[in-house]
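Single-letter residue listing:
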Amino acid sequence: MKVIEGIPVSPGIAIAEAFVLAPTHIWAPERPIAEGEVDRERERFETARQASIEELNRVYAEAEAEMGPEAAKIFLFHIGMLKDPALAGPIAEMIGERQVVAEYAVAAVLDQVAQRFRAKADSAFTTKDDDIRDLAERLIGHLTGQRRLALADLSRNTIVIAGDLTPSQTAGFDRQHVKGFATDVGGRTGHTAIVAAALGLPAVVGCEEVTDFARDGQTVILDGGRGRVILDPDEQTLADYTAQAETRRKFQISLAEGAAQPAVTRDGVHIEIVGNIEFPEEIGDVVTRGGEGVGLYRTEFLYLANDTEPTEEDHFEAYSRCVRLLEGRTLTVRTVDLGADKYTQSRTMVPERNPFLGLRSVRYALAHPEMLKLQVRAILRASTIGPVKIMFPLVTTIAELRHARLLLRDVMEDMDERGEPFDRHVPIGIMVEVPSAALMAEVFAAEVDFFSIGTNDLVQYTLAVDRTNERVAGLYQPAHPAVLKLIRNVTRAAKKYSLPVSCCGEAAGDPGYALLLLGLGLRTLSVTSGSIPRLKRFVREVTIPQCERVARKALTFDSAVQAAAFLRDQTRNMLPEAFFDPADER
Ligand code: PEP
Ligand code: MG
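Residues numbered from 1 in each chain as written. Chains lettered and ligands numbered in written order. Predicted model: local features only at pLDDT ≥ 70, side-chain atom pairs only at ≥ 80, totals over all residues. Heavy atoms only, no water.

Draft legend 1. Here's a closer look at the sheet that holds strand β6 (residues 203–205). Sheet architecture is open: 8 strands sit in the order β1-β8-β7-β3-β4-β5-β6-β2, paired in mixed fashion. Every interior strand has two partners, whereas the edge strands, β1 (2–5) and β2 (7–10), have only one. If you compare each strand with its neighbour and ignore which way they point, the axes differ by 30° on average. Each of β3 (13–21), β7 (219–223) and β8 (228–231) is contacted by helix α9 (residues 235–258), which is oriented at about 120° to β3, the strand it contacts most. (Pairing = 2+ DSSP bridges. Helix = DSSP H or I, 4+ residues; strand = E, 2+ residues; numbered from the N terminus. Axes fitted to C-alpha atoms, helices over the stretch in contact; angles between N-to-C directions. Contact = heavy atoms within 4.5 Å.)

Below you can see the structure in the form of structure tokens.
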């Protein structure tokens, strides 16, 4: 038995046979052809291009049905590229001019395209290298007659083990038989991870060496919630996990049954559980899983899923759709949070050396005021349809908040002049996700309507740990005393100014951490839709004084490990069936 730890990106337990995909290399040597063969090569390319478009139309239709149109747009973009004469033309030309085989021309031209994208000045919204590689592999696969993946049609239940997977490979899986996947590389915010989560497919990425150890046909346990891959499990582990999967299944059913009921503590305090979304299509899941609104809409995905910058209409269309789908529940729109790990696409001519500390989030937006104003205008227009809040990410100084508010006021004045209606009382808040904002919370509290604590970034900036780097993942500790003290500082300031404060980091979905947050005074938690039913169920088991006692005690530890163990123990006592990991029971 071999246990490999990776980064959990999509929860769930899968037990099946391994299907190991050798790392893919685009191998297209420059082979010359005779002049008389040029037409034939061009025809081969044309046939491969058409076959790729047809294949992608199928992938798109399936992805759209399962993930919704927004997430599936990745494949529309691929189709658009293949139909674009600016791509097909140079390939056909190269075949004639250089007299080379089509495979080589495809690889060479797509490589140039990737380089051009990389160099595009100040475009945060161009495509990913991954997408280009995906296209090149698809075309070359058709040219060489190789099936890119046998994965579209399998006969047995399988866990895919791969060096890396592209989004379209992931979406193109035979969904009946592929039960999950694990990859050597990858981070939490890659498109592949997003696709996995949107499909509800258990997945672990960043395993570093899983392809070195896995063999075809071997039994594999994939624990997507804990980021664990177990190859050749011993009998006991297999039995534990089989039981655990069954408990999980039953627990999920019971959770689904209670999802619609409100989350009210045993002593009668209502806790608002809302959802985090990247795409409007996720609202369906938020609502059916009992979410009372959206606490974080990561609008940068409007940019990441497309090859062109979204227009005001694109923004408006997305926000108004969300508001309508929410039917009176509140939509919290975070203005674009591009930068750092969310430049999955090439951005500037000169890449930033230290993008996590670079021109990201609200800094980027303030440096591009027209972009921010366009977005804010669209949000304000949507505010006439239903309740909306605006939230600025990664605010570090009060000057940034004032600058952003000034731009917002400009937009409101413009709209007033044009007689365009909007909700002039739309609440304005900030994400508290850097220590400077947490420490200065009182200053911010006087100038905002709400706070939302973003623990994902707050932990990384407090502890100087890159949240996407698998090598320091062990140092990424949300229960670190320094983080807890910062959060307490925020909640104290919020209390003083009677401001609502929520948490929208991943940690809020962890029952133990949620307990602590409630004890510190939070009454709103915003989590991925999958965590909503469990959190609601959990809230119903506790009382506020109990949470306050837990929070007080948690803040006395000088080590994150102790604090985390304490929180886990407390929650396990309260809701034992929420813990599925046999290791936790020992
Ligand atoms: C956070 O930082 O906690 C957060 C919710 O924002 P994101 O994960 O999008 O950076
Ligand atoms: Mg953040």
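There's plenty left to go through after this.
Draft legend 2. Geometry of the site of ligand 1. Close to ligand 1 lie 14 residues; R298, R334, E433, N456 and R467 are nearest. Here an oxygen atom of ligand 1 and a backbone polar atom of T455 are 3.2 Å apart. In isolation ligand 1 offers 290 Å² of accessible surface; the protein chains occlude 99% of this area. Elements that contribute at least two residues to the shell around ligand 1 include exactly β10 (293–298) and α18 (455–463). For the shell around ligand 1, the element with the most residues is α18, which contributes 3 residues. Classifying every residue of the shell around ligand 1 gives 3 nonpolar, 4 polar and 7 charged. (Near = heavy atom within 4 Å. Polar contact = N/O pair within 3.5 Å; in protein donor to acceptor, adjacent residues only side chain to side chain. Areas by Shrake-Rupley, 256 points an atom, 1.4 Å probe, with all protein chains shown as cover. Nonpolar A, V, L, I, M, F, W, Y, C, P; charged D, E, K, R; others polar.)

Draft legend 3. Up close: the coordination of the magnesium ion (ligand 2). Every protein donor of the magnesium ion (ligand 2) is listed here as E433 (OE) and D457 (OD), and their distances to the metal cover 2.0 to 2.2 Å. A residue pair is termed long-range when its members are at least 10 positions apart, and E433 in the loop between β13 (428–432) and α16 (435–439) and D457 in helix α18 qualify at 24 residues. (Donors = N, O, S within 2.8 Å, 3.2 Å for Na, K, Ca; no water.)

Draft legend 4. Representation of the pattern of salt bridges. Applying the stated criterion across every chain, the model contains 29 salt bridges. E55 is paired through a salt bridge with R138; the nearest N and O atoms lie 2.4 Å apart. Of the two residues, E55 sits in helix α1 (residues 38–67) while R138 sits in helix α5 (residues 129–144), which places them 83 residues apart along the sequence. A single burial state applies to E55 and to R138, both of which are buried. D410 is the salt-bridge partner of K373, the closest N and O atoms lying 3.8 Å from each other. Here D410 lies in helix α15 (residues 398–417) and K373 lies in helix α14 (residues 369–382), a separation of 37 residues in the sequence. By relative accessible area, which is 13% here, K373 ends up buried. Residue D410 is classed as partly exposed on the basis of its relative accessible area, which comes to 30%. Within this structure, E300, R334, D337, R360, D457 and R467 form a network of salt bridges that share partners. (Salt bridge = Lys/Arg side-chain N within 4 Å of Asp/Glu carboxyl O. Buried < 20%, exposed > 50% of the residue type's maximum accessible area, 1.4 Å probe, protein only.)

Draft legend 5. Representation of the packing of α14 against α15. Two elements in contact, α14 and α15, have axes separated by 9 Å at closest approach and are oriented at 55°. Looking at the two axes, α14 sits oblique to α15. Judged by the twist between their axes, the crossing of α14 over α15 is right-handed. In contact with P369, L372, K373, V376, R377, L380 and R381 of α14, α15 contributes L407, L408, D410, V411, M412, D414 and M415. Classifying every residue of the contact of α14 with α15 gives 9 nonpolar, no polar and 5 charged. (Parallel < 35°, antiparallel > 145°, perpendicular 65-115°, else oblique. Left-handed = near helix turned anticlockwise from the far one by under 90°.)

Draft legend 6. Fine view of the sheet that holds strand β15 (residues 501–503). Pairing is parallel around the closed barrel formed by 8 strands, whose spatial order is β9-β10-β11-β12-β13-β14-β15-β16. Shown here is a sheet whose adjacent strand axes are inclined to one another by a mean of 25°, direction ignored. Sheet topology note: the strand β9 (residues 272–277)/strand β16 (residues 524–528) ladder contains 5 bridges and is parallel. From the neighbouring strand, N276 faces β16, where its bridge partner is T528. Here helix α21 (residues 532–539) sits on the sheet and contacts β9 and β16; the angle it forms with β9, its principal contact strand, is near 165°.

Draft legend 7. Representation of the pairing of strand β4 (residues 158–162) in the model. With 5 of 5 residues buried, β4 lies mostly within the body of the structure. Residues T158, V160 and A162 of β4 are buried on one face, and the alternating residues I159 and I161, pointing to the opposite face, are buried as well. Here β4 runs beside strand β5 (residues 178–183); their pairing, made up of 5 bridges, is parallel. Across the sheet, V160 pairs through a bridge with F181, a residue of β5.

Draft legend 8. Spatial organisation of α21. The buried fraction of α21 is high, at 7 of 8 residues. Residues I532, P533, L535, K536, R537, F538 and V539 constitute the buried set of α21. Next to the buried residues of α21 lie α9, β9, α10 (283–288), α20 (511–519), β16 and α23 (560–574).

Draft legend 9. How the structure looks around the state of the cysteines. One pass over the full model with this rule turns up 0 disulfides. Lacking any disulfide linkage, C503 is separated from the closest cysteine sulfur, that of C504, by 6.3 Å. In this structure C503 comes out as buried when scored by relative accessible area, which is 0%. Of the residues examined, C504 reaches a relative accessible area of 1% and is grouped as buried. (Disulfide = S-S within 2.5 Å.)

Draft legend 10. The arrangement of the side chain of T455 in detail. Take T455: it is sitting in helix α18. Since its relative accessible area comes to 2%, T455 is described here as buried.

Draft legend 11. A look at the packing of aromatic side chains. A full pass over the atoms with the stated rule returns 3 aromatic pairs. With a centroid separation of 5.6 Å and 70° between ring planes, the pair formed by F279 and F301 is classed as edge-to-face. Separated by 22 residues along the polypeptide, F279 in the loop between β9 and α10 and F301 in helix α11 (residues 301–304) bring together distant segments of the chain. Of the two residues, F279 and F301, neither departs from the other in class, the shared state being buried. Ring centres 5.4 Å apart and planes at 50° place the aromatic pair F557 and F566 in the tilted group. Taken individually, F557 and F566 each receive the classification buried, so the pair is uniform in this respect. Over the face of the ring belonging to F316 we find R381, whose NZ or CZ atom lies 4.1 Å from the ring centre. Looking at K389, its charged tip hangs above the ring of F450, at a distance of 4.9 Å from the centre. (Phe/Tyr/Trp six-rings, centres within 6.5 Å; stacked < 30°, edge-to-face > 60°. Lys NZ or Arg CZ within 6 Å of the ring centre and 35° of its normal.)

By themselves, these figures tell us nothing about what the structure is for.
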